[in-house]
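Summary of the model geometry
Listed here are the chains, written in short residue letters.
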Amino acid sequence: MSINLSRRSFIGSLAGFASALGLAACDSSNDASDAESPSESWSVEQDDELACLTVQVSGGNVVAMPGDGWAPREGYIQLQLSGSSIPGQEIEAVYRERAVLTVKLKASDQASTLDLLLTEYRLVSDQSNIDAVGTVKVDYGNGDVQEIQKAYE
């Protein structure tokens, strides 16, 4: 018994098979339990009383973190942003999708000073478990989204 299959039939069969696999994969990846909760809200409070974040460097020394970073604390996330003192950093929104917390900054067209200012924020959620946050990203605007470093403690 010989199967006579034309090139067109063979390619059509492969395309149909690939489409079926792709649709099945898309359907299984849409798990609503992992998605961001629409009712979850985050409050942002600048807190000058918080100590600056630290990092561990070579030799085991612990030093102040010189740039943007974050750390889980009991009941909140501490966020440290570096920038100029004028106009300063303003947080527009905070949202969580799965284990990634994204902080969106307000865009500013103002000229900025050349000094470096570390500003500490306290991010508190009304419903989220702080331990569920594994990564923090900052959206600086214009498509510039970067994951920031987690502090030593």
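As the structure is a computational prediction, the values presented were derived from the model and not from experiment.

Rules used throughout
Residues numbered from 1 in each chain as written. Predicted model: local features only at pLDDT ≥ 70, side-chain atom pairs only at ≥ 80, totals over all residues. Heavy atoms only, no water. Salt bridge = Lys/Arg side-chain N within 4 Å of Asp/Glu carboxyl O. Helix = DSSP H or I, 4+ residues; strand = E, 2+ residues; numbered from the N terminus. Buried < 20%, exposed > 50% of the residue type's maximum accessible area, 1.4 Å probe, protein only. Pairing = 2+ DSSP bridges. Axes fitted to C-alpha atoms, helices over the stretch in contact; angles between N-to-C directions. Polar contact = N/O pair within 3.5 Å; in protein donor to acceptor, adjacent residues only side chain to side chain. Contact = heavy atoms within 4.5 Å.

1. Considerations on the pattern of salt bridges
Counting across every chain of the model gives 4 salt bridges. In this structure, glutamate 90 and lysine 106 form a salt bridge, with 3.4 Å as the shortest nitrogen-oxygen distance. Here the residue glutamate 90 occupies a position in the loop between β5 (76-83) and β6 (91-97), and lysine 106 occupies one in the loop between β7 (100-105) and β8 (117-125), the gap between them amounting to 16 residues. Classification of lysine 106 as partly exposed rests on a relative accessible area of 42%. Residue lysine 104 pairs with glutamate 92 through a salt bridge whose shortest N-O separation is 4.0 Å. Separated by 12 residues along the polypeptide, lysine 104 in strand β7 and glutamate 92 in strand β6 bring together distant segments of the chain.

2. Details of the pairing of β8
As paired strands, strand β1 (residues 42-46) and β8 are joined by 5 bridges and run antiparallel to one another. Paired with serine 43 across the bridge in β8 is valine 124. Examined bridge by bridge, β5 and β8 share 7 bridges and lie antiparallel to one another. Each bridged residue has a counterpart across the sheet, and for glycine 83 the counterpart in β8 is leucine 117.

3. Some points on the sheet that holds strand β10 (residues 145-147)
The 4 strands lie next to each other as β6-β7-β9-β10, forming an open sheet whose pairing is mixed. One side of each edge strand has no neighbouring strand; the edge strands of this open sheet are β6 and β10. Here the average twist between neighbouring strands, direction ignored, is 20°.

4. Section: unusual backbone geometry
Unlike most non-glycine residues, arginine 98 shows phi in positive territory, near 60°. Looking at where arginine 98 falls in the secondary structure, it is placed in the loop between β6 and β7. Given a relative accessible area of 39%, arginine 98 falls into the partly exposed group. Despite not being glycine, asparagine 142 has its phi angle at roughly 55°, a positive value.

5. Points about the environment of glutamine 78
Along the chain, the position of glutamine 78 falls in strand β5. What makes glutamine 78 buried here is its relative accessible area of 2%. Expressed as a C-alpha distance, the spacing of glutamine 78 and leucine 123, which sit 45 residues apart in the sequence, is 6.3 Å.

6. Digging into the side chain of glutamine 80
In this fold, glutamine 80 is placed in strand β5. Using a relative accessible area of 0% as the deciding quantity, one classes glutamine 80 as buried. Among the polar contacts listed, one links the side chain of glutamine 80 to the backbone oxygen of methionine 65, at a separation of 3.0 Å. Residues contacting glutamine 80, with those up to four places away along its chain left out, are Cys52, Leu53, Met65, Gly67, Asp68, Gly69, Leu118, Thr119 and Glu120.

Remember that the coordinates give geometry; whether it matters functionally is a separate question.
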